[in-house]
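Residue strings, one per chain:
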Amino acid sequence: MPRNQVQRMFFAFITVLITVHAYVFYSLYVINGSTLTQYASLIDGTQVSHVLQAIHILGGIEVFGKHIPIWGVVLIEFCLAYLLENVMGSPFSFKFACKCFNPEETHPVLFESAIICATVGLMCPAMSFLAAILYYPYNTMDFNVLTLLANWLKLVCFNFPFAFFTQLFFIQPLVRTIFKIVFRKDIEAQKTVEYE
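Just to check I follow, could you spell out unusual backbone geometry for this structure?
Although it is not a glycine, phenylalanine 64 sits at a positive phi angle of roughly 55 degrees. Take phenylalanine 64: it is sitting in the loop between β1 (61–63) and β2 (66–68).

How do you make sense of the environment of tyrosine 26 when you look at a structure like this?
Structurally, tyrosine 26 is set in helix α1 (residues 5–31). In this structure, the C-alpha to C-alpha distance between tyrosine 26 and phenylalanine 162, residues 136 residues apart in sequence, is 8.5 Å. Ignoring anything within four residues of it in the chain, the contact list for tyrosine 26 reads Ile31, Phe158, Asn159 and Phe162. Engagement of the side chain of tyrosine 26 in a polar contact is seen with the backbone oxygen of phenylalanine 158, the distance being 2.7 Å.

For this particular structure, what's the right way to read the packing of aromatic side chains?
The description of two aromatic rings rests on the distance between their centres and on the angle between their planes. Under the criterion given, the structure shown has 14 aromatic pairs. Residues phenylalanine 10 and phenylalanine 183 carry aromatic rings whose centres are separated by 5.3 Å and whose planes lie at 80 degrees to one another, so their mutual orientation is edge-to-face. Of this pair, phenylalanine 10 sits in helix α1 while phenylalanine 183 is found in the loop between α6 (145–182) and α7 (184–195), placing the two residues 173 residues apart along the sequence. The buried category is assigned to phenylalanine 183, whose relative accessible area is 12%. Relative to tyrosine 82, the ring of phenylalanine 13 lies with its centre 6.2 Å away and its plane at 85 degrees, an arrangement referred to as edge-to-face. Of this pair, phenylalanine 13 sits in helix α1 while tyrosine 82 is found in helix α4 (residues 70–100), placing the two residues 69 residues apart along the sequence.

Which parts of the structure should I look at to understand the packing of helix α2 (residues 33–44) against helix α3 (residues 51–58)?
At a minimum axis separation of 8 Å, α2 and α3 run at an interaxial angle of 50 degrees. By the criterion of interaxial angle, the relationship of α2 to α3 is oblique. Considering how the two elements wind past one another, α2 and α3 form a crossing that is left-handed. Side by side, α2 and α3 meet where Gly33, Leu36, Thr37, Tyr39, Ala40, Ile43 and Asp44 of the first sit next to Val51, Ala54, Ile55, Ile57 and Leu58 of the second. In terms of residue class, the contact of α2 with α3 is built from nine nonpolar, two polar and one charged.

Cut-off values and rules
- Residues numbered from 1 in each chain as written.
- Predicted model: local features only at pLDDT ≥ 70, side-chain atom pairs only at ≥ 80, totals over all residues.
- Heavy atoms only, no water.
- Helix = DSSP H or I, 4+ residues; strand = E, 2+ residues; numbered from the N terminus.
- Contact = heavy atoms within 4.5 Å.
- Polar contact = N/O pair within 3.5 Å; in protein donor to acceptor, adjacent residues only side chain to side chain.
- Phe/Tyr/Trp six-rings, centres within 6.5 Å; stacked < 30°, edge-to-face > 60°.
- Buried < 20%, exposed > 50% of the residue type's maximum accessible area, 1.4 Å probe, protein only.
- Axes fitted to C-alpha atoms, helices over the stretch in contact; angles between N-to-C directions.
- Parallel < 35°, antiparallel > 145°, perpendicular 65-115°, else oblique.
- Left-handed = near helix turned anticlockwise from the far one by under 90°.
- Nonpolar A, V, L, I, M, F, W, Y, C, P; charged D, E, K, R; others polar.

Honestly, it's all geometry; don't read function into it.
Here it is, written out as structure tokens:
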């Protein structure tokens, strides 16, 4: 869909912006919400029922053994994901999709779905590995490669189904709609050139 470098960077920016917020919510609320509230309840001595309250009591989210606010987690993950998306995700997912399908002969929806699946297959393990390093329990245990690998595998198992379904059915359709609105004139000009 994106035709030049500016459009690719914009497409990646919107994709990562939406995806990181979805993953931070998913990770904090769905996967770790009950653990955070229980731990905060032990520290505070009262019943903590909300994840945001628990994060406030804990002093933030632990990254590299230090507590940082949620916006810091979003910023760190955004920078890492945006870099990975531009260096690895977009270029390689297009190449992998082209190995399976000819873009000129394949229906655009099928080809875009192949790109999305390839992107998830690349980005999910890569970002899960970075998350396993960032959120490793440095304060409670010494670093162990086997623990890191086990945490990575656990994160991939949690994140892959979420990544696949949200990217395929929610995030990418939304990003493509935003992209079409922002670059409407360029898309119409490209269609006119193709039809001439």
